[in-house]
Amino acid sequence: QVRLVESGGGLVQHGGSLRLSCTISGSTSSFYTMGWSRQAPGKQRELVARFTIGGSTIYADSVKGRFTISTDNAKNTVYLQMTSLKPEDTAVYYCSADRGTWWGQGTQVTVSS
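For clarity, every value in this text was computed on a predicted model and none was experimentally measured.

1. Some words on the packing of aromatic side chains
Link 1 in the chain: For the structure on display, the rule yields 1 aromatic pair.
Link 2 in the chain: The side chain of Arg45 reaches across the aromatic face of Tyr94, ending 3.9 Å from its centre.
Link 3 in the chain: It is Arg45 that lies over the ring of Trp103; its NZ or CZ is 4.7 Å from the centre.

2. A few points about the pattern of salt bridges
Link 1 in the chain: Inspection of every chain in the model, using the stated rule, returns 4 salt bridges.
Link 2 in the chain: In this structure, the salt-bridge partner of Asp89 is Arg38, at a minimum N-O distance of 2.9 Å. Pair noted here: Asp89 is in the loop between β8 (77–82) and β9 (91–97) and Arg38 is in strand β4 (residues 35–39), with a separation of 51 residues, a long-range link. Neither residue differs from the other here; Asp89 and Arg38 are each classed as buried.
Link 3 in the chain: Among the ionic pairs, Lys64 bridges to Asp61, the shortest N-O distance being 3.2 Å.

3. A closer look at the state of the cysteines
Link 1 in the chain: Tallied over the entire structure, the rule returns 1 disulfide.
Link 2 in the chain: Note that Cys22 is cross-linked by a disulfide to Cys95, the S-S spacing being 2.2 Å. Here Cys22 and Cys95 share a disulfide; its torsion about the S-S bond, -80°, makes the bridge left-handed. With Cys22 in strand β3 (residues 18–26) and Cys95 in strand β9, the pair connects residues that are 73 residues apart, well separated along the chain.

4. A short note on the sheet that holds β3
Strand-to-strand pairing in sheets goes through backbone hydrogen bonds, with the strands running parallel or antiparallel.
Link 1 in the chain: With antiparallel pairing, 4 strands are arranged side by side in an open sheet as β1-β3-β8-β7. Each having just a single partner strand, β1 (2–7) and β7 (67–72) make up the two edges of the open sheet. Pairs of neighbouring strands in the sheet enclose a mean axial angle of 20°, with direction left out of account.

5. As for unusual backbone geometry
Apart from glycine, the bulk of residues carry a negative phi angle, and the bulk of peptide bonds sit in the trans form.
Link 1 in the chain: The residue Asp98 is not glycine, and still its phi comes out positive at about 55°.
Link 2 in the chain: For Asp98, the location among the structural elements is in the loop between β9 and β10 (102–103).
Link 3 in the chain: Not every positive phi belongs to a glycine, and Arg99 is a case in point at roughly 55°.
Link 4 in the chain: By secondary structure assignment, the location of Arg99 is in the loop between β9 and β10.
Link 5 in the chain: Under the relative-accessibility criterion, Arg99 is labelled partly exposed at 42%.

Criteria and cut-off values
- Throughout, residues of each chain are indexed from 1 in the direction in which the sequence is written.
- At least 70 in pLDDT is required for a residue's local features to be given in this predicted model, at least 80 for side-chain atom pairs to be given and counted, and no such filter applies to totals for whole chains, interfaces and linings, which use all residues.
- Side-chain metrics in this entry use all non-hydrogen atoms of the structure; hydrogen atoms and water are not considered.
- Between rings of Phe, Tyr and Trp, where Trp is taken as its six-membered ring, a pair exists when centres lie within 6.5 Å; planes separated by under 30 degrees are stacked, by over 60 edge-to-face, and by other angles tilted.
- Geometrically, a lysine NZ or arginine CZ counts as sitting over a ring once it is within 6 Å of the ring centre and also within 35 degrees of the ring normal.
- Only one rule defines a salt bridge in this text: a Lys or Arg side-chain nitrogen within 4 Å of an Asp or Glu carboxyl oxygen.
- Where helices and strands are cited, they refer to DSSP runs of H or I of at least four residues and of E of at least two residues respectively, numbered from the N terminus.
- Any residue under 20% of the maximum accessible area for its type is buried, any over 50% is exposed, and the rest in between are partly exposed; the area is computed with a 1.4 Å probe on protein chains only.
- Cysteine sulfur atoms are paired as a disulfide whenever they fall within 2.5 Å.
- By this definition, two strands are paired if DSSP reports at least two bridges between them.
- Note on method: axes are straight lines fitted to C-alpha atoms, helices fitted across the in-contact stretch only, with angles between N-to-C directions ranging 0 to 180 degrees.

Purely spatial values, then, with no claim about function.
Laid out in structure tokens, this is it:
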């Protein structure tokens, strides 16, 4: 049983930055089964960042070079650092664990133009 709670969303101007946090309760097999997805109104949910089991990172082309996924194992937290934000980044962002077995409630990110 895993509980994921996202935080850190908000309203930011284009070009700004936000850091999202996902706190993890319970037992997940590995932080490296985790990732971040987002869903904008009227659009499909898309994976934006995730780890591989080996600890490397994979990013969607739309966010590559701007977003960074990382962990703080001691705090049971996964982060998504977002920089150079664009209006098209506006979405609800979701943390997932165990390759999509567990999902958080999401946190809203709104980027103004």
